[in-house]
Amino acid sequence: MDVLTALGLQFRIQRFISIPNYKLPGESLVHLVARIIPFAILSGIALADVVDMLRFTGPHIDKMSNVPFIVSKFDMIVIKLGVVFVAIISCCINRKHLKALKTIDAYDESIRRYQKLYIKQPIPFPKPKRSNMEFFLIFLVNAILVLNLHLMTSLDAPPKQALFHAFYALLICIHDYVCIYISNIIRLFGCHETQLMQILQDDLSRHNQEVFSLVTGFTSTLGVINQAFGSLTFFTFIHHLIGSCMSTYLLFWLIFVSPDFEVRILFILSSTAYNMRMVSFLIHMSIVGEAIPKKIEKLQCMIRRWMKDEELCSTKENWVAGLKTEDDEENFTRAVKFNTHQLLLKYLHQGTQISASEYFTINNSAIYATFGAVITYLMVLIQFQELEEAKAQEGQDLL
């Protein structure tokens, strides 16, 4: 369980969000129900709040565009309704999710077993320190942002408003934890690449069938992860992209259009931090997705060396393809090259990129697409604002 252990608190919180039925030894049905109830209650409250927000149209403000208020309301609806969609998608992919975790555990065990038998100084797997730091950092950042919002807007409001903002912060954390969980489960599984490189550099011709099985399992497990998290990856990416577009427009409005008010500077700083938070998750996921094909390419390059170098395919004291090397050196070399050739052929037919349900690929190109989408929708919302203000001015002229 190297990957799941390295996820630390990020994996534990997912047992209350996306995989409440992930059982550990000694757990009963009571534990399952206790994990399902909190997220079910949160989803129900969020859905009820969305219905109330859709019923309430809000006052019309003369001489001022209502676009920023509509955008802010839409952003709130997306966050709250998004939690409901996370619950629905998690239920739909639950079996695939559990299968992926089981496959990851099995691969972790196979790597650990090989290292124990044949590697004198194996490369250690990352510890959960980074994942736990990210967990607390996400909670701290969101708590500060929402606390700042409460102090600026509802300091003298009744306690009910403080509970509303606390609930809002919790919903934001859920989205961020799901996004960072998917990114880190891919990132941490990709860390096996360094262990495979050590195994390949140690000696490929010795135990070559086991080594090839490990390398093949690396790509096939990535395929299982892709299939399991594709729809959830798509949703979380789109959700953070929408949030980036909305927050960018609100920041633009606060800086250049909004009339001056007492806490305007604090609103600008909070909006900037909120926007950077949204974009940072998209960039993090894109960088993780970009790294996986590069890691597989490094493995391919190392394997191709064995195809070209005769000395690396020299005879070793071991059993390969059922033939003892002392009896038939030529067949031994041929067996090694055949297995290597078969492995490279498998790479040609296996997808090596992380995708969002095959709608788009998660790599560096997604970063450029994100900034392009943000700028595009910023221009569209600005045009809506100018159109509304022009119509309002025409109405005043007529009067």
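Residues numbered from 1 in each chain as written. Predicted model: local features only at pLDDT ≥ 70, side-chain atom pairs only at ≥ 80, totals over all residues. Heavy atoms only, no water.

- Per an unreviewed UniProt entry, the protein chain goes by the name Gustatory receptor and belongs to Lutzomyia longipalpis.
- What UniProt records for the protein chain under Function (unreviewed entry) is the sentence "Gustatory receptor which mediates acceptance or avoidance behavior, depending on its substrates."
- According to the UniProt record, the Subcellular location (unreviewed entry) comment for the protein chain reads "Cell membrane". (UniProt positions renumbered as here; feature names shortened; annotations may be inferred.)

## Remarks on empty space enclosed by the protein
Now for step 1: Considering all chains together, one arrives at 1 cavity of 30 Å³ or more under this definition.
Now for step 2: Considering the residues around the largest cavity, the lining is formed by Ile182, Ser183, Ile186, Thr233, Met285, Val288, Gly289, Ile354 and Ile362.
Now for step 3: When contributions to the lining of the largest cavity are tallied by element, the ones reaching two or more residues are helix H7 (159–190) and helix H10 (264–308).
Now for step 4: Partitioning the lining of the largest cavity into residue classes produces 6 nonpolar, 3 polar and no charged. (1 Å grid on protein atoms, 1.4 Å probe; cavity = no way out; pocket = protein on both sides within 12 Å on 5 of 7 lines; lining within 4 Å. Points joined across faces, edges and corners; volume = space filled by probe spheres on them. Helix = DSSP H or I, 4+ residues; strand = E, 2+ residues; numbered from the N terminus. Nonpolar A, V, L, I, M, F, W, Y, C, P; charged D, E, K, R; others polar.)

## Looking at the layout of surface pockets
Now for step 1: Looking at the second largest pocket, its volume works out to about 280 Å³.
Now for step 2: Taken together, 13 residues form the lining of the second largest pocket, with Leu137, Ile138, Arg277, Ser280 and Phe281 sitting closest to its centre.
Now for step 3: Contributions of two or more residues to the lining of the second largest pocket are made by helix H6 (129–153), H7 and H10.
Now for step 4: Broken down by class, the residue content of the lining of the second largest pocket amounts to 7 nonpolar, 3 polar and 3 charged.

## Some remarks on the packing of helix H4 (residues 67–92) against H7
Now for step 1: Orientation of H4 relative to H7, taken along the N-to-C sense of each, is 60 degrees, at an axis distance of 10 Å. As judged from the angle between their axes, H4 and H7 are oblique. Taken as a pair, H4 and H7 cross one another with a handedness that is left-handed. The segment H4 lies against H7, with Asp75, Met76, Val78, Ile79, Lys80, Gly82, Val83 and Val86 engaging Phe164, Tyr168, Leu171, Ile172, His175 and Val178. (Axes fitted to C-alpha atoms, helices over the stretch in contact; angles between N-to-C directions. Parallel < 35°, antiparallel > 145°, perpendicular 65-115°, else oblique. Left-handed = near helix turned anticlockwise from the far one by under 90°. Contact = heavy atoms within 4.5 Å.)

## Some thoughts on the side chain of Gln14
Now for step 1: As for its position among the elements, Gln14 is in helix H2 (residues 9–14).
Now for step 2: Polar side-chain contacts of Gln14 include one of 2.7 Å to the side chain of Ser18.
Now for step 3: In this view, Gln14 contacts Ile19, Pro20, Tyr177, Val178 and Tyr181; residues no more than four positions away in its chain are not counted. (Polar contact = N/O pair within 3.5 Å; in protein donor to acceptor, adjacent residues only side chain to side chain.)

## Some remarks on the UniProt feature "transmembrane region" (unreviewed entry) in the protein chain
Now for step 1: In the UniProt entry, the feature "transmembrane region" (unreviewed entry) is given for residues 32–54, 74–93, 135–155, 167–190, 211–229, 235–258 and 366–384.
Now for step 2: Measuring from the first to the last C-alpha atom of residues 74–93 gives 27 Å, for a span that is 95% helix and 0% strand.
Now for step 3: Measuring from the first to the last C-alpha atom of residues 366–384 gives 27 Å, for a span that is 100% helix and 0% strand.

## Some points on the packing of aromatic side chains
Aromatic ring pairs are described here by two measures, namely the spacing of the ring centres and the angle between the planes.
Now for step 1: The full count for this structure, using the stated rule, is 14 aromatic pairs.
Now for step 2: With centroids separated by 6.4 Å and ring planes inclined at 50 degrees, the aromatic side chains of Tyr107 and Phe218 adopt a geometry described as tilted. Here the residue Tyr107 occupies a position in helix H5 (residues 94–118), and Phe218 occupies one in helix H9 (residues 208–256), the gap between them amounting to 111 residues. There is no split in this pair, since Tyr107 and Phe218 are both buried.
Now for step 3: Summarising the aromatic geometry, the rings of Phe252 and Phe256 are spaced 5.1 Å apart at their centres and angled 45 degrees between planes, so their arrangement reads as tilted. (Phe/Tyr/Trp six-rings, centres within 6.5 Å; stacked < 30°, edge-to-face > 60°. Buried < 20%, exposed > 50% of the residue type's maximum accessible area, 1.4 Å probe, protein only.)

## Things to note about a nonpolar patch on the surface
Now for step 1: On the surface, a cluster of nonpolar side chains totalling about 440 Å² of accessible area is made up of Leu29, Val33, Ile37, Ile41 and Ile45.
Now for step 2: Within the fold, Ile45 resides in helix H3 (residues 29–55).
Now for step 3: In this structure Ile45 comes out as partly exposed when scored by relative accessible area, which is 38%. (Patch = residues over 30% accessible without salt bridge, like charges linked within 9 Å, V, L, I, M, F, W, Y side chains within 5 Å. Areas by Shrake-Rupley, 256 points an atom, 1.4 Å probe, with all protein chains shown as cover. Salt bridge = Lys/Arg side-chain N within 4 Å of Asp/Glu carboxyl O.)

## Brief notes about the pattern of salt bridges
Now for step 1: Scanning the model with the defined rule gives 8 salt bridges in all.
Now for step 2: Among the salt bridges present, the one from Arg130 reaches Glu134, with a minimum N-O distance of 3.2 Å. Here the residue Arg130 and the residue Glu134 both occupy positions in helix H6, the gap between them amounting to 4 residues, near one helical turn.
Now for step 3: Look at Arg130 and you get partly exposed, because its relative accessible area is 41%.
Now for step 4: The partner of Lys294 in a salt bridge is Glu290, and the shortest N-O contact between them spans 3.9 Å. Remark: Glu290 and Lys294 occur in helix H10; sequence separation between them is 4 residues, near one turn of the helix.
Now for step 5: Residues participating in the shared-partner salt-bridge network are Asp2, Glu109 and Arg112.

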